[in-house]
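Report on the structure
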Amino acid sequence: MSCTIQDIARELNLSTATVSRSLKQNARIAATTRAKVAEAAARMGYQGRSRRITTQTTSQQFKVAVLLSSASHKDSPNTLRELQGIQSQADDMGMAVEVDYAVDYRHQPYTEADLAQRQAMLDHLQKERHHAALLLGRHDPTFVAALRQQFVPVIALGWKYPNVEHDLVSSNNMTDYALATQKLAELGHTRITYVDECYKASFHDQRHAGFLQGCCSAGLAISEQHFFSADGYDDRGNIRDDAIDALLAQGTTACACANDRVAYLLLDAFAKRSISVPDQMSIIGYDGMQPVGQSQLRLATMSQDFMEQGRACVSLAHRRITQPSSSNWSVSINGHWSAGQTIAP
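Remember, it's a predicted structure, so these values are computed and weren't measured experimentally.

Within strand E9 (residues 282-287), six of the six residues are buried, leaving the element largely enclosed by the surrounding structure. Running through helix H11 (residues 260-272), the crossover from strand E8 (residues 254-257) to the neighbouring parallel element E9 is right-handed. When E9 meets strand E10 (residues 300-303), the two strands line up parallel, connected through four bridges. Looking at E10, one finds that Tyr286 is bridged to Met302.

Moving on to the sheet that holds strand E12 (residues 336-338). Taken together, the six strands give an open sheet; going across it, the order is E7-E6-E8-E9-E10-E12, and neighbouring strands pair in mixed fashion. Of all the strands in the sheet, just strand E7 (226-228) and E12 have a single pairing partner and so form its edges. Taken over all neighbouring pairs, the strand axes of this sheet differ in orientation by 20° on average, direction set aside. Pairing of E8 with E9 involves three bridges; the strand directions are parallel. Bridge pairing in E9 links Ala254 to Ser282. Sitting on the sheet, H11 touches strand E6 (192-195), E8, E9 and E10, and the angle it makes with E9 is about 155°.

So, on to the pattern of salt bridges. What the rule picks out here adds up to eleven salt bridges. A salt bridge links Arg10 to Asp7, with the nearest nitrogen and oxygen atoms 2.5 Å apart. Within this pair, Arg10 and its partner Asp7 are both found in helix H1 (residues 5-12), separated by three residues, close to a single helical turn. Judged by relative accessible area, which is 21%, Asp7 ranks as partly exposed. For Arg207, the salt bridge is made with Asp287, and the minimal N-O distance between the two is 3.9 Å.

What counts as what
Residues numbered from 1 in each chain as written. Predicted model: local features only at pLDDT ≥ 70, side-chain atom pairs only at ≥ 80, totals over all residues. Heavy atoms only, no water. Buried < 20%, exposed > 50% of the residue type's maximum accessible area, 1.4 Å probe, protein only. Helix = DSSP H or I, 4+ residues; strand = E, 2+ residues; numbered from the N terminus. Right-handed = clockwise from strand over helix to strand, strands pointing away. Pairing = 2+ DSSP bridges. Axes fitted to C-alpha atoms, helices over the stretch in contact; angles between N-to-C directions. Contact = heavy atoms within 4.5 Å. Salt bridge = Lys/Arg side-chain N within 4 Å of Asp/Glu carboxyl O.

Written out as structure tokens, the structure reads:
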């Protein structure tokens, strides 16, 4: 059964009029509400005429597709902030935006239905003559390559795809993490463990490099710091007990985590062992996600301006459309330090 405006209204507890106006990009509707409606419409498979979010149409108007990764972006508050920034900047620049979900990259090997859905999306984007594609979240590199070959310029937010020509908007990972590491050093921590994620990503490598840079800037001996790799996780992405044992045996007094997800895993692991945070162990994260239902402690982290990153994606798309022959561009957005309640001397 196809999704209707009424279905979206019930899902978000909004009136049908508000949903309809949001999908038509009515400027009287708050950008946050329009972002929520756009995400829900894409997730629920709404295909009505109002699905395409547009500003006033002109013969010179540029149209971009925003493709969400269902694996990493479903129900994410950061996605809504990114979409809010994208829609706000599109309003300012007179650009049209269409939002959709891509095939979940974790479904590999893909079924025939997955492949048909992916091809249908490529055909639709080509038929509608979009001028650029904005990729939010982690996508299958083969899909990105097919998109680039068959379609139009690609602007990725966060994720870098090897061997594919595309522009990139990201956090200022190295500089941000160096500053976060120095915050721990200022509190007197001299034995810090950098806790990596269970999967590889270019931005995690940059944060690791930022940790090393921060240690050097603070005068900490690299030989006395420790590194927790992907080997410390089980197949489900949870931290193994023996890895926690090894971490504690090294005399660690603070953990610098690759992102907030890892930091929350450590908070739970230490709580089960009756290790008090921050009295006995300090923890910092990265992203500023603060997931609902997690630890009651407010995490010390490098918070990211996801709305500004969304705005930068649209600006970069416009730049790419008007200067198609230029080399690849990369834009970094600075984060800001949030002290939280998980660090202490």
